[in-house]
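Descriptive analysis of the structure
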Amino acid sequence: PKEYELLADHCRQVGIEFLSTPFDDMAITFLDPLVPFFKIASADLTNVPFLRRIAGTGKPVLLSTGASTLGEIDMAVNTLEGSGCGEIVLLHCVLNYPTANEHAHLRMIEGLRRAYPALPIGYSDHTLPDDSMTSLVSAYLLGAVVLEKHFTHDKSLPGNDHYHAMDVHDLARFVAIAERVRVSSSSPARISEMP
């Protein structure tokens, strides 16, 4: 717990939001004063008591939808909203580490936008970073308003979350590409009529 508190304090000092995904009631209670919103992992999407407990905090929720049906997503959204959660973002994701590009199913972002027009839709990316940051840029172009990507300072560290994560170089490259995409896809300046 002390390490989480130190991380949260460090994040505040450098101006980024601290976030950690809870997996039980004790973690919800502990994290509540430390996080500005809650992330619910796909594995807990059908855990109704857990959803109610998180909704009871009154904080916004990022809800991962990997390996779920639209019926399960409906149930989760209804449970969260019915228990006091006023802000929900759905995250499309594929539960495969890493996810091959051909299995990312990014068109599901559009599918979720059609099924839930009142909710913001995002993307939780588990593909390997490439030079053009293909999956993240594609998700952005398909309308994802939240992008989640594992981040590490060393891709060679042991464990499941490092080798498919983005590092500082990947992040800098993605930000530059996303900015070029944003500029090139923005509305053209209005040309005033000649007198």
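Residues numbered from 1 in each chain as written. Predicted model: local features only at pLDDT ≥ 70, side-chain atom pairs only at ≥ 80, totals over all residues. Heavy atoms only, no water.

**Here we look at the layout of surface pockets**
In this structure, the largest pocket occupies an estimated 1400 Å³ of space. If you go around the largest pocket, you meet 31 residues; those closest to its centre are Leu 19, Glu 148, Lys 149, His 150 and Phe 151. Mapped onto the lining of the largest pocket, the elements with two or more residues apiece are strand E2 (61-64), strand E5 (146-149) and helix H7 (168-185). The element best represented in the lining of the largest pocket is E5, accounting for four residues. Grouping the amino acids of the lining of the largest pocket by side-chain chemistry returns 17 nonpolar, nine polar and five charged. (1 Å grid on protein atoms, 1.4 Å probe; cavity = no way out; pocket = protein on both sides within 12 Å on 5 of 7 lines; lining within 4 Å. Points joined across faces, edges and corners; volume = space filled by probe spheres on them. Helix = DSSP H or I, 4+ residues; strand = E, 2+ residues; numbered from the N terminus. Nonpolar A, V, L, I, M, F, W, Y, C, P; charged D, E, K, R; others polar.)

**Considerations on the packing of helix H6 (residues 134-141) against H7**
Across the interface, H6 lies against H7 with an axial gap of 10 Å and an inter-helix angle of 30°. Comparing the axis directions of H6 and H7 gives the class roughly parallel. The element H6 and its partner H7 pack so that their crossing is right-handed. Here Leu 136, Val 137, Tyr 140 and Leu 141 of H6 lie close against H7, whose contacting residues are Phe 174, Ile 177, Ala 178, Val 181 and Arg 182. Residue composition of the contact of H6 with H7, by class: eight nonpolar, no polar and one charged. (Axes fitted to C-alpha atoms, helices over the stretch in contact; angles between N-to-C directions. Parallel < 35°, antiparallel > 145°, perpendicular 65-115°, else oblique. Left-handed = near helix turned anticlockwise from the far one by under 90°. Contact = heavy atoms within 4.5 Å.)

**Here's the deal with the environment of Tyr 97**
Turning to its location among the elements, Tyr 97 is positioned in the loop between strand E3 (88-93) and helix H5 (108-115). Take Tyr 97: its relative accessible area is 32%, and that puts it in the partly exposed class. In the structure, Tyr 97 is positioned 78 residues away from Val 175 in sequence and 23 Å away in space, judged by C-alpha atoms. Among residues more than four places away in sequence, those in contact with Tyr 97 are His 126, His 150, Asn 160, Tyr 163 and His 164. (Buried < 20%, exposed > 50% of the residue type's maximum accessible area, 1.4 Å probe, protein only.)

**Re helix H3 (residues 48-55)**
Looking only at H3, the buried set comprises Phe 50, Leu 51, Ile 54 and Ala 55. Each buried residue of H3 lies within a common arc of 135° when the element is viewed along its axis, so the set occupies one face. Contacts made by the buried residues of H3 are with helix H2 (25-31), strand E1 (38-40), E2 and helix H4 (70-82). (Arc of directions from axis to C-beta.)

**Some words on the pattern of salt bridges**
Applying the stated criterion across every chain yields a total of eight salt bridges. A salt bridge links Asp 9 to Arg 12, with the nearest nitrogen and oxygen atoms 3.7 Å apart. Placement of both Asp 9 and Arg 12 in helix H1 (residues 2-14) is noted, with a separation of three residues, approximately one turn of the helix. The class of Arg 12 is exposed, set by a relative accessible area of 52%. Connected through salt bridges with shared partners, the residues Lys 155, Asp 170 and Arg 173 form a single ionic network. (Salt bridge = Lys/Arg side-chain N within 4 Å of Asp/Glu carboxyl O.)

Purely geometric stuff here, so don't read any function into it on its own.
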